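Next come the chains, spelled out residue by residue.
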Amino acid sequence: MTQSDESKISEDRREALRYALAIGSGAALAASLASPASADTSADNTLDRIRANKVLRIAALPGELPYFNKDLATGTWSGFAIDMASDIAKIFDVKLEYIESTYGNSILDLQANKIDLGFALNPTPQRALVVDFTSFVFPHPFGAMLKKGLEAKTWADINKPEVRIAVDVGSVNETTARRFAPNATIKSLKSRDEVMLEMASGRVDCVVNALVLGLTAVAKNPSLGTYKILQSPSVTIPSSCAVRREADKRWRDFMSVWIDYNRGVGQMREWFVKGMTLSGVKPEDVPVELNI
């Protein structure tokens, strides 16, 4: 496929999104994208500000693959979140502005009106008290990195005293391990690096963590073993986008429609797989059961 063909497909997809916005409950939102704000609409809202300033400000997190990657030589950004942001910017015909941040600071940056959009954030109850969340981009599943020779498909398979599990203390990984594998021998360590060192040295049998962390770790060091999403039950935490809390919900509603549409047509998975390749993960290694 030529670059011209890819551009045509991309433009066709954006036109389809505009059409989807223009029907049903999206009619008012579509009108707001096409025309200036009415006199009785507050100018102090994200959607109108983006259109007026011709800039979309996003939190950019250096080194947080597959979502963000910054080329230190050129300053160029790439990754799953960057592809998403670029597509949104094209719809509004605005430029992207990258505000370097962290996951935790993304919430503070939204509250301080430093950014318009935060990516790859888990919508926790505490965060939902201070910012709004869009539809989820994908349910981020949990499983385990398994040493070579250890087979596991369910949490019960590792929920045994003879199975040694490493997790980083205080993390959702530790919470998940202690809830779904309480009978295992669980080692809580200070950092992810220590967890990976424990696994590499053979002092534990597996590491409980979310899919992105597990797949990227195995891609960097195949000797660690394999990564498996564990079932019975399926354990997931939504990965979403966050926006500033404001009375005018058009920006949040647009983002939710945009996310649902791109998940529906398979574009989200394509961007996700492309981002994972930046971490060395092969497309065929992204589990088919990942619902994105």
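Everything quoted here is computed from the prediction, not taken from an experiment.

What to know about the overall build of the chain
- The number of helices and strands found in the chain is 11 helices and 12 strands.
- For the chain, the residues scored as buried account for 48% of the 292 residues in total.
- Counting contacts in the chain only where the partners sit at least 6 residues apart, residues at least 24 apart contribute 70% of the total.

Quick word on the layout of surface pockets
- In this structure, the largest pocket occupies an estimated 940 Å³ of space.
- For the largest pocket, the lining is made up of 32 residues, of which Glu 64, Tyr 103, Arg 192, Val 212 and Leu 213 are closest to its centre.
- Those elements that provide at least two residues to the lining of the largest pocket are β5 (118-121), β7 (138-146), α7 (172-180), α8 (192-200), β10 (206-210), α9 (211-220) and β12 (236-244).
- The element contributing the most residues to the lining of the largest pocket is α9, with five residues.
- Residues of the lining of the largest pocket, tallied by class, amount to 16 nonpolar, 10 polar and six charged.

A word on empty space enclosed by the protein
- Evaluated as defined, the whole model comprises two cavities of 30 Å³ or more.
- What lines the largest cavity is Tyr 67, Phe 80, Met 84, Phe 119, Ala 120, Val 137, Phe 138, Ser 239, Ser 240 and Cys 241.
- The greatest single-element share of the lining of the largest cavity, amounting to three residues, is contributed by β12.
- Of the residues assigned to the lining of the largest cavity, the class counts are eight nonpolar, two polar and no charged.
- In this structure, the second largest cavity spans a volume of roughly 30 Å³.
- As for the second largest cavity, its lining consists of Asp 132, Val 243, Arg 244, Glu 246, Asp 248, Lys 249, Trp 251 and Arg 252.
- Those elements giving two or more residues to the lining of the second largest cavity turn out to be β12 and α10 (250-264).

How each quantity is defined
Residues numbered from 1 in each chain as written. Predicted model: local features only at pLDDT ≥ 70, side-chain atom pairs only at ≥ 80, totals over all residues. Heavy atoms only, no water. Helix = DSSP H or I, 4+ residues; strand = E, 2+ residues; numbered from the N terminus. Buried < 20%, exposed > 50% of the residue type's maximum accessible area, 1.4 Å probe, protein only. Contact = heavy atoms within 4.5 Å. 1 Å grid on protein atoms, 1.4 Å probe; cavity = no way out; pocket = protein on both sides within 12 Å on 5 of 7 lines; lining within 4 Å. Points joined across faces, edges and corners; volume = space filled by probe spheres on them. Nonpolar A, V, L, I, M, F, W, Y, C, P; charged D, E, K, R; others polar.

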